[in-house]
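Chain by chain, the residues:
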Amino acid sequence: MKHKLAKLIDVPIDKWSEHTLQTENGLTSVMIKRGHAEWVAFVNECPHQGRRMDYAENAFLETPDHQLVCPAHGATFDASTGFCTNGPCVGQSLTQLQVSFDQQDVFVEII
Ligand code: FES
């Protein structure tokens, strides 16, 4: 189901940000990065023990070689695909969300 995530103007460019959605199953935290050409969004939940990927408000750790780091136990994830490349959940992935937008708002698809 498609959910409005945020207003376009509230999503920073080239930086991860966190947005919380109300869905049928309760609140869902989403992390999203708006690149210059592409958008990437994941459920903000590490597949290892379900901890959040942000270590402070709108603060995510991405290395220069585009690995997202879980602040809990250090698992690393490809920032484009969400695939775990190192740490306690190798072979698993962050849950990637399909992103769409219109002239004002950003939407994600949550099943
Ligand atoms: S919860 Fe993310 S590495 Fe353990």
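Residues take numbers from 1 onward in each chain, read along the sequence in its written order. For a predicted model such as this one, the threshold for reporting local features is a pLDDT of at least 70, and the threshold for listing and counting side-chain atom pairs is 80 or more; totals across whole chains, interfaces and linings nevertheless cover every residue. No hydrogens and no water enter the side-chain calculation; it runs on all heavy atoms of the structure.

The name given to the chain in an unreviewed UniProt entry is Nitrite reductase/ring-hydroxylating ferredoxin subunit, and the organism recorded there is Marinicella litoralis.

1. Observations concerning the nonpolar core
Note the following rule: As used in this record, nonpolar core signifies buried Ala, Val, Leu, Ile, Met, Phe, Trp, Tyr and Cys residues forming a set joined through side-chain atoms within 4.5 Å. Partly exposed describes any residue whose relative accessible area lies between the buried limit of under 20% and the exposed limit of over 50%, with all areas from a 1.4 Å probe on protein chains only and scaled to the type maximum.
By size, the foremost hydrophobic cluster in this structure holds 15 residues, and its most contacted members are Trp16, Met31, Phe42, Met53, Leu68 and Phe77. Listed in part, the 14 residues of the second largest apolar core include Leu8, Ile32, Val108 and Ile110.

2. Section: the sheet that holds strand E5 (residues 61–62)
Quick note on the threshold: Two strands qualify as a pair provided that DSSP identifies no fewer than 2 bridges between them. To qualify as a helix, a DSSP run of H or I must reach at least 4 residues; to qualify as a strand, a run of E must reach at least 2; elements of each kind are numbered from the N terminus.
As summarised here, the arrangement of the four strands in space is E5-E6-E7-E8, forming an open sheet in which the pairing is antiparallel. The open sheet has two edge strands with one neighbour each: E5 and strand E8 (84–86). In terms of strand pairing, strand E6 (residues 67–69) meets strand E7 (residues 76–78) through three bridges, oriented antiparallel. Of the residues in E7, the one forming a bridge with Gln67 is Asp78.

3. Considerations on the UniProt feature "domain: Rieske" (unreviewed entry) in the chain
Definition in use: UniProt positions are given in the numbering used here, feature names are shortened, and annotations may be inferred rather than shown by experiment.
The positions UniProt marks with the feature "domain: Rieske" (unreviewed entry) are residues 3–108. In this annotation, residues 3–108 is assigned 0% helix and 45% strand; the end-to-end C-alpha distance for the span is 5 Å.

4. A few points about unusual backbone geometry
Its identity is not glycine, yet Asn58 carries a phi of approximately 55°, on the positive side. Along the chain, the position of Asn58 falls in the loop between strand E4 (39–43) and E5. A relative accessible area of 28% places Asn58 in the partly exposed class.

5. What to know about the pattern of salt bridges
The line we're drawing: In the sections that follow, a salt bridge refers to a side-chain nitrogen of Lys or Arg positioned within 4 Å of a carboxyl oxygen of Asp or Glu.
Overall, the coordinates contain five salt bridges when judged by the stated rule. Residue Asp105 pairs with Lys7 through a salt bridge whose shortest N-O separation is 4.0 Å. Here Asp105 is found in strand E10 (residues 105–109), whereas its partner Lys7 is found in strand E1 (residues 2–7), with 98 residues between them in sequence. Owing to a relative accessible area of 10%, Asp105 belongs among the buried residues under this scheme. A salt bridge links Arg52 to Glu18, with the nearest nitrogen and oxygen atoms 3.6 Å apart. Residue Arg52 is located in the loop between E4 and E5, and its partner Glu18 is located in strand E2 (residues 16–23); the two are separated by 34 residues in the primary sequence. It is possible to trace a salt-bridge network through shared partners that takes in Lys4, Lys7 and Asp105.

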